[in-house]
Amino acid sequence: MLRFSFRRIFGHTKLRILLCFLLFFPSCELLFYIYQILVYGSYVDIPDYAFFLTCNSGGIGHVFQSIFLWFMPLYCLVLTADDCIEDQEIYYKNILISKIGKRNYIKKHLEKSFLNVFFVIAGGLLLNLVLSHILFRGGIFNPYGEDFSTSLFYLWEIKHPFLTNILFIVITSFVCSLIGMVGTITSLMLKQKKVIYGITMLFWVVPFLQEKSLMLLFQPHSEYVLDTLIPIALKTCIPYIIYIIFGYFKEVYFAKKAC
């Protein structure tokens, strides 16, 4: 099913466009930095601080990060869950279940959802990080200025900025993968597309609107340290995982009951 899902992505123009967007849109922010340098004579940032997740493109309201991250559930639904909805509409789902069983059918879709989203998001962010180091090699401007925080995690970030960016790529990709799975399990439980999209967006928007926003979990080199980031991660990921497990057992239980 994983190989089939990849063929499905590359076989649809809409999905190819979305895939290109997720892979290349983060790097569009680098063009904004270059524009500022050429037109306004801005300083060249240290490469690791020009990375997409650092949100340093001030003056335009972090529009690049907003477009990419705020609507992530919609991108994930189109990328990995629309086929579940389509399978139900054309009754192809019944054919697959008859061949591999409902338990395997759901497991494969969840596995596909997690892996596809993780590698696509990680790929786009890694590309941005590599291009940052190529384009801004030798940059010395530190947009954060001096900071005297004594947090061990913050000091580690200062000492290892590249590894910090890699860590936050993994964190961001993981959380995006979970919301992708939330969308997939919802699409397996329900049939109404608007309801599926609404529930998935709700799971994403509520943590974003908290005082300690989910967005903080995606931002490296910030003043927020582990005492802040770990509770955000737990309050976000645990409900996602519980909902996914609940949906999985609900579907498997009713499948057995029907038999």
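Here is what the cut-offs are and how they apply
Residues numbered from 1 in each chain as written. Predicted model: local features only at pLDDT ≥ 70, side-chain atom pairs only at ≥ 80, totals over all residues. Heavy atoms only, no water. Disulfide = S-S within 2.5 Å. Helix = DSSP H or I, 4+ residues; strand = E, 2+ residues; numbered from the N terminus. Contact = heavy atoms within 4.5 Å. Salt bridge = Lys/Arg side-chain N within 4 Å of Asp/Glu carboxyl O. Buried < 20%, exposed > 50% of the residue type's maximum accessible area, 1.4 Å probe, protein only. Core = buried A, V, L, I, M, F, W, Y, C linked by side-chain atoms within 4.5 Å.

*Asks:* Looking at this structure, I do not really get the state of the cysteines. What am I missing?
*Replies:* Covalent bonding between the sulfur atoms of two cysteines defines a disulfide. All chains considered together, the criterion is met by 0 disulfides. There is no disulfide at Cys-76, and the cysteine sulfur nearest it, in Cys-176, is 5.9 Å away.

*Asks:* Could you clarify how one ought to interpret the environment of Tyr-197 in this entry?
*Replies:* By the element assignment, Tyr-197 lies in helix H9 (residues 193-209). In this structure the C-alpha to C-alpha distance between Tyr-197 and Gly-183, which are 14 residues apart in sequence, comes to 7.4 Å. Residues in contact with Tyr-197, not counting those within four places in the same chain, are Leu-74, Leu-77, Val-78 and Asp-82.

*Asks:* Looking at this structure, how should I read the pattern of salt bridges?
*Replies:* Overall, the coordinates contain 5 salt bridges when judged by the stated rule. With its nearest N and O atoms 3.2 Å apart, the salt bridge here joins Lys-102 to Glu-251. On the criterion of sequence distance, the pair formed by Lys-102 in helix H6 (residues 102-135) and Glu-251 in helix H10 (residues 226-258) is long-range, its members being 149 residues apart. What makes Glu-251 buried here is its relative accessible area of 6%. Glu-251 is the salt-bridge partner of Lys-250, the closest N and O atoms lying 3.4 Å from each other.

*Asks:* Would you mind going over the nonpolar core with me for this structure?
*Replies:* Nonpolar side chains tend toward joint burial in soluble globular proteins. Core analysis: the biggest nonpolar cluster contains 62 residues, and Phe-68, Met-72, Trp-204 and Phe-218 have the highest contact counts within it. Breaking this core down by element, the ones donating at least two residues are helix H2 (13-40), helix H3 (63-70), helix H4 (72-89), H6, helix H8 (161-189), H9 and H10. The element best represented in this core is H8, accounting for 11 residues. In contact with Met-72, other than residues within four places in its own chain, are Ile-121, Cys-176, Ile-179 and Trp-204.

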